[in-house]
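A look at the structure
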Amino acid sequence: MNRDLLKALQVAWGLPEFRDGLRHLIDLDEVSVLLATLTVPDHDGEVDRSLVALLRSGLETVEIREAVLLLLERDEVRRPLVAAAVEPLAHRPGLAAAVTSAAEDPGVRREVRSALDSAPVRELIWQALENQVSDNRFGLVRRAAALFVRHPSVRRLVWAVRRHGVLRELRRRPPVD
């Protein structure tokens, strides 16, 4: 498992209010088993679907969603999480820098919160993630388009990350090895 991700999880886990809040809302044994399974390099699509289902059930709970969003406001949690998220983008340094810049922008984080406060937006996000896990590109594109067209909070979020060059870097072709 990624060192930065582990560091962020350890910092979050070290916060008593986070740990106590999770204890009564989710089955920590289920999370432990899932995390152990994810560390295996060749886990299957069923594990990915289980992770999406766990994330979905957790983020549909207002208390957990608020706890996660508050953690992302803490530099000592957000920075290792971002480092872990951009590590696979080492071959695309421009995209990694743009994502890191966007994550550090309080305006972008405010727009993320605004988008995630909407139940219809969250539902479309979960459908898009399920489409991605199932390798259904048409469904993924359709859900992404619906998010952008129907929900002003998502449009504002897209414009906020655009200011950091994320969209430009996503369009740029990755270097061929």
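Residues numbered from 1 in each chain as written. Predicted model: local features only at pLDDT ≥ 70, side-chain atom pairs only at ≥ 80, totals over all residues. Heavy atoms only, no water.

1. A look at the nonpolar core
Membership of the largest hydrophobic core is limited to 8 residues, which are Leu95, Ala98, Ala102, Val108, Leu157, Ala160, Val161 and Val166. Of all the secondary-structure elements, those providing two or more residues to this core are helix H7 (93-104) and helix H11 (152-162). In this structure Ala160 touches Val108 and Glu111, once residues within four positions along its chain are discounted. Counting residues in each nonpolar core, the second largest holds 6 residues, with Ala115, Leu124, Ala146 and Val154 among its members. (Core = buried A, V, L, I, M, F, W, Y, C linked by side-chain atoms within 4.5 Å. Buried < 20%, exposed > 50% of the residue type's maximum accessible area, 1.4 Å probe, protein only. Helix = DSSP H or I, 4+ residues; strand = E, 2+ residues; numbered from the N terminus. Contact = heavy atoms within 4.5 Å.)

2. Details of helix H10 (residues 137-150)
Helix length check: H10, at 14 residues, gives a terminal C-alpha distance of 20 Å against a target of 20 Å (1.5 Å per residue), a fit within 8%. Those residues of H10 not exposed but buried are Gly139, Arg143, Ala146 and Leu147. All buried residues of H10 fall inside an arc of 100° around its axis, so they share one side. In H10, those exposed residues whose orientation departs by more than 90 degrees from the buried face are Arg137, Phe138, Val141 and Val149. (Expected span 1.5 Å × (residues − 1). Arc of directions from axis to C-beta.)

3. Digging into the packing of helix H8 (residues 106-116) against H11
Relative to each other, H8 and H11 sit at 160°, their axes nearing to 9 Å. Accordingly, the angle class assigned to the pair H8 and H11 is roughly antiparallel. In this structure, the crossing between H8 and H11 has a hand that is left-handed. In this structure, H8 uses Val108, Glu111, Val112, Ser114 and Ala115 to contact H11, whose residues at the interface are Ser153, Val154, Arg156, Leu157, Ala160 and Val161. Grouping the amino acids of the contact of H8 with H11 by side-chain chemistry returns 7 nonpolar, 2 polar and 2 charged. (Axes fitted to C-alpha atoms, helices over the stretch in contact; angles between N-to-C directions. Parallel < 35°, antiparallel > 145°, perpendicular 65-115°, else oblique. Left-handed = near helix turned anticlockwise from the far one by under 90°. Nonpolar A, V, L, I, M, F, W, Y, C, P; charged D, E, K, R; others polar.)

4. Observations regarding the pattern of salt bridges
Scanning all chains against the criterion turns up 10 salt bridges. Here Arg78 makes a salt bridge to Asp75, at a shortest N to O gap of 2.3 Å. Taken as a pair, Arg78 and Asp75 lie in helix H6 (residues 75-86) at a separation of 3 residues, close to a single helical turn. Among the residues examined, Arg78 registers a relative accessible area of 3% and is labelled buried. For Asp75, a relative accessible area of 33% puts it in the partly exposed group. One salt bridge connects Arg172 with Glu169, and the closest N-O pair in it is separated by 3.1 Å. (Salt bridge = Lys/Arg side-chain N within 4 Å of Asp/Glu carboxyl O.)

5. Observations concerning H6
With 12 residues, H6 ought to run about 16 Å at 1.5 Å a step, and its terminal C-alpha atoms sit 16 Å apart, in line with that. For H6, every residue scored as buried is listed here: Val77, Arg78, Pro80, Val82, Ala84 and Val86.

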